[in-house]
Amino acid sequence: MNLSDLTTMELIDVDLKGTTKDEVIDELIAKLDAAGVIKSSRKFKKAILKREKENSTGIGFSIAIPHGKSKAVLKPSVAFGLQRNGVDWESIDGTPAQLIFMIAVPEESAGNEHLKILQMLSRKLMDETFREQLLGVQTNEEAYRLLSTIQ
């Protein structure tokens with residue numbers, strides 16, 4: 001599995017406007033909705049917020065990986081957003097989240113799917129050079145090319 005199997009240009013935004021966790025979540029859900037990945041923004045947001053209540057998905061290193069399993073999701077997908085100033089995501093290490101990956105998986109196929117995606121992302125995101133490259137992208141196209149190398 002490659003990340004390029006799960007994301008498209010329209011699921012990427014290297015210029016997120018939201019200044020709070022909630023606003024960024026809404027922006028990324030809107031991307032998923034516009035791309036036809038989800039059939040209900042409201043139901044999917046409920047799944048995302050339920051997961052956030054359990055534990056923050058701010059994993060540190062300026063990364064957050066909000067994820068949700070929901071019947072509202074039509075196919076496994078990953079939306080990516082870059083918030084250049086960072087957003088407080090209650091991260092383990094206290095760093096504001098700048099690199100935000102939203103994982104959407106259908107509830108019925110959720111078994112290991114989201115775990116595989118999380119593992120794939122985590123492995124690559126532990127590479128400091130890769131994170132710096134991603135933080136430096138200027139266009140959605142640059143971000144997509146870089147994200148396509150994740151497998």
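Now for a quick tour of the structure. Please read these numbers as outputs of a predicted model, since none were measured by experiment.

What follows concerns the overall build of the protein. Per the secondary structure count, the protein includes five helices and six strands. In the protein, the succession of α and β elements from N to C terminus is β-α-α-β-β-β-β-β-α-α-α. Compactness check: the protein gives a C-alpha radius of gyration of 14 Å against a globular reference of 15 Å for 151 residues, within 12% of the reference. For the protein, the spread of C-alpha atoms along the three principal axes comes to 35 × 30 × 25 Å. Each of the 151 residues in the protein was classed as buried or not, and the buried ones make up 48%. Put simply, 71% of the contacts in the protein that link residues at least 6 apart link residues at least 24 apart. Measuring between centres, the 20 positive side-chain charges of the protein sit 7 Å from its 22 negative side-chain charges.

Turning our eyes to something else, we now look at helix H2 (residues 41–54). Between its first and last C-alpha, H2 extends 20 Å over 14 residues, near the 20 Å set by a 1.5 Å rise per residue. For H2, the full list of buried residues reads Phe44, Lys45, Ala47, Ile48 and Glu52. For H2, the angular spread of buried residues about the axis comes to 155 degrees, placing them on one side. Within H2, the exposed residues directed more than 90 degrees away from the buried face are Arg42, Lys46, Lys50, Lys53 and Glu54. At its buried positions, H2 is contacted by helix H1 (21–34), strand E4 (67–70) and strand E6 (97–106).

Enumeration over the complete set of coordinates arrives at six salt bridges. We note a salt bridge from Glu107 to Lys71, for which the minimum N-O separation is 3.3 Å. Remark: Lys71 occurs in the loop between E4 and strand E5 (77–87) and Glu107 occurs in the loop between E6 and helix H3 (110–125); sequence separation between them is 36 residues. A residue is classified by how much of its surface remains accessible, and Glu107, at 38% relative accessible area, is partly exposed. A single salt-bridge network, built from bridges that share partners, covers Lys21, Glu52 and Glu90.

Buried within helix H5 (residues 140–147) we find Ala143, Leu146 and Leu147. Each buried residue of H5 sits inside an arc of 95 degrees when the element is viewed along its axis, so together they form one side. Contact partners of the buried residues in H5: strand E1 (12–13), E5, E6 and helix H4 (128–135).

A word on the side chain of Glu52. Checked against the element boundaries, Glu52 lands in helix H2. Setting aside its immediate chain neighbours within four residues, Glu52 contacts Lys21, Thr57, Pro66 and Trp89.

Turning to the nonpolar core, a few remarks are in order. Formed by 25 residues in total, the largest nonpolar core has its most connected members in Phe80, Phe101, Leu121 and Leu134. Element by element, the count of residues in this core is highest for H3, at five residues. Membership of the second largest hydrophobic core comes to 21 residues, among which are Leu11, Val37, Trp89 and Ile100.

Calculation rules
- Every chain's residues receive numbers from 1 upward, in the order its sequence appears when written.
- Since the coordinates come from a predicted model, pLDDT governs what is reported: local features require at least 70, and pairs of side-chain atoms require 80 or more to be given and counted, while whole-chain, interface and lining totals use all residues.
- Side-chain calculation: all heavy atoms of the structure are included, whereas hydrogens and water are not.
- Put simply, DSSP H or I for four residues or longer makes a helix, DSSP E for two residues or longer makes a strand, and each gets a number counted from the N terminus.
- Restricting the calculation to C-alpha atoms gives the radius of gyration, and the globule rule supplies 2.2 Å times the number of residues raised to the power 0.38.
- Exposed residues in this analysis have more than 50% of their type's maximum accessible area, buried residues have under 20%, and partly exposed residues fall in between, with area computed by a 1.4 Å probe over protein chains only.
- Should any heavy atoms of two residues lie within 4.5 Å, those residues are considered in contact.
- Within this scheme the basic residues Lys and Arg register as positive and the acidic residues Asp and Glu register as negative, but His and the chain ends are omitted.
- Charged groups are reduced to one reference atom each: NZ for lysine, CZ for arginine, CG for aspartic acid, CD for glutamic acid.
- Working rule for helices: expected span equals 1.5 Å times residues minus one.
- Note that the arc is defined by the directions from the helix axis to the C-beta atoms.
- Throughout this description, the term salt bridge denotes a Lys or Arg side-chain nitrogen within 4 Å of a carboxyl oxygen of Asp or Glu.
- Remark: nonpolar core denotes a set of buried residues (Ala, Val, Leu, Ile, Met, Phe, Trp, Tyr, Cys) joined through side-chain atoms within 4.5 Å.

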